[in-house]
Amino acid sequence: MVLTLWPMQLVDDLKQGDLKAFNAIYAEYHHRLYFFIKKKTQSTFLAEEVVQLTFIKLWNYKHTLKSNIDISIQLFHMVKQVMIDELRKEATRNRCEGESAQTPFTDNLVQSIEAKDLKRILEEELSDMPATRKLVFSLSRERGLSHKEISEMMGISTKTVEAHITKTLSQLKQYIYTIML
């Protein structure tokens, strides 16, 4: 079954326990998730394990899916969480067995992956914001300019600069909160 249903209907069907909907999602996303994890970890074994655990998690927690959020977003969020959990388990296992930095599955790798994903998510959300708001935020956070410097550069008040930054941060926090659910 190819994803011919509307994505929201597919999620609703899955939430009701429809095995055909689950199989359609599996057929559509299994390889994408596998190559996503393999690229991040350089491990065939870990990619297979994480994808399998992700689909088990999808089935077990199908009732918590959000119909208004694209299934691919929810799946990729799940697979990242499962991958991070597995990497942490591996790092803990290695510490307990006395092994050190001989494995690529370390806390640094987990932190690096989390940071890159968060940066990509924030950049995507920023790209949808009004141009002035993006510019103010970029000048403040990326270039490290003060509110006064930005206001003088752009010919706007410091209160306007503060308002743009506050709105941007609020929108980013709301977006992150939405995808973490």
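Residues numbered from 1 in each chain as written. Predicted model: local features only at pLDDT ≥ 70, side-chain atom pairs only at ≥ 80, totals over all residues. Heavy atoms only, no water.

Thoughts on the overall build of the protein
Secondary structure assignment for the protein yields eight helices and zero strands. A buried classification covers 34% of the 181 residues belonging to the protein. Of all intrachain contacts in the protein linking residues separated by at least 6 positions in sequence, the fraction that spans at least 24 positions is 60%. When the accessible area of the protein is evaluated, it comes to approximately 11200 Å², of which 54% is carbon and sulfur surface. (Helix = DSSP H or I, 4+ residues; strand = E, 2+ residues; numbered from the N terminus. Buried < 20%, exposed > 50% of the residue type's maximum accessible area, 1.4 Å probe, protein only. Contact = heavy atoms within 4.5 Å. Areas by Shrake-Rupley, 256 points an atom, 1.4 Å probe, with all protein chains shown as cover.)

Looking at the packing of aromatic side chains
For the coordinates displayed, the defined rule picks out five aromatic pairs. Feature note: the residues F22, Y26, F55 and W59 constitute an aromatic cluster, connected by ring pairs. (Phe/Tyr/Trp six-rings, centres within 6.5 Å; stacked < 30°, edge-to-face > 60°.)

Looking at the confidence of the model for the protein
Summary statistics for the protein give a mean pLDDT of 82 and a share of 83% for residues scoring 70 or more. Below pLDDT 50 for its whole length, residues 1-5 participates in nine contacts with residues either more than four positions away or in separate chains. (pLDDT = per-residue confidence, 0-100.)

Things to note about helix α2 (residues 19-41)
Along its length, α2 reaches its greatest deviation from straightness, about 45 degrees, at Y29. The backbone nitrogen of K20 has a side-chain oxygen 2.8 Å away, supplied by the residue at the start of α2, namely D18. Just beyond α2, the residue with positive phi is Q42, at close to 60 degrees. (Bend = angle between axes of the 7 residues up to and from the residue. Polar contact = N/O pair within 3.5 Å; in protein donor to acceptor, adjacent residues only side chain to side chain.)

Observations regarding unusual backbone geometry
Phi at Q42 is positive, roughly 60 degrees, even though this residue is not glycine. Among the structural elements, Q42 can be located in the loop between α2 and α3 (44-60). Given a relative accessible area of 64%, Q42 falls into the exposed group.

Some details on the nonpolar core
Core analysis: the largest hydrophobic core is formed by 26 residues, its most contacted members being I25, F55, L58, I71 and L75. Contributing elements (two or more residues each) for this core: α1 (7-15), α2, α3 and α4 (71-96). Filtering out sequence-adjacent residues up to four positions away, I71 remains in contact with V11, I25, Y29, L58 and L65. Listed in part, the five residues of the second largest apolar core include V136, I150, V161 and I165. (Core = buried A, V, L, I, M, F, W, Y, C linked by side-chain atoms within 4.5 Å.)

Quick notes on the environment of L33
Position of L33 relative to the elements: it lies in helix α2. For L33, a relative accessible area of 0% puts it in the buried group.

Remarks on the packing of α2 against α3
Running from amino to carboxyl end, α2 crosses α3 at an angle of 150 degrees, the nearest separation of the two axes being 9 Å. In this structure, α2 meets α3 at a crossing whose hand is right-handed. Residues L19, F22, I25, Y26, Y29, H30, L33, Y34, I37, K38 and T41 of α2 lie in contact with α3, whose contacting residues are T44, L46, A47, E48, V50, V51, T54, F55, L58 and W59. Classifying every residue of the contact of α2 with α3 by side-chain character gives 15 nonpolar, four polar and two charged. (Axes fitted to C-alpha atoms, helices over the stretch in contact; angles between N-to-C directions. Left-handed = near helix turned anticlockwise from the far one by under 90°. Nonpolar A, V, L, I, M, F, W, Y, C, P; charged D, E, K, R; others polar.)

Considerations on the packing of helix α6 (residues 131-141) against helix α7 (residues 147-154)
Axis separation between α6 and α7 bottoms out at 10 Å; the angle between their running directions is 135 degrees. When the axes of α6 and α7 are compared, the pair comes out oblique. Note on packing geometry: the crossing formed by α6 with α7 is right-handed. Facing T132, L135, V136, L139 and S140 of α6, the residues of α7 in contact are I150, M153 and M154. Its residues assigned to classes, the contact of α6 with α7 shows six nonpolar, two polar and no charged. (Parallel < 35°, antiparallel > 145°, perpendicular 65-115°, else oblique.)

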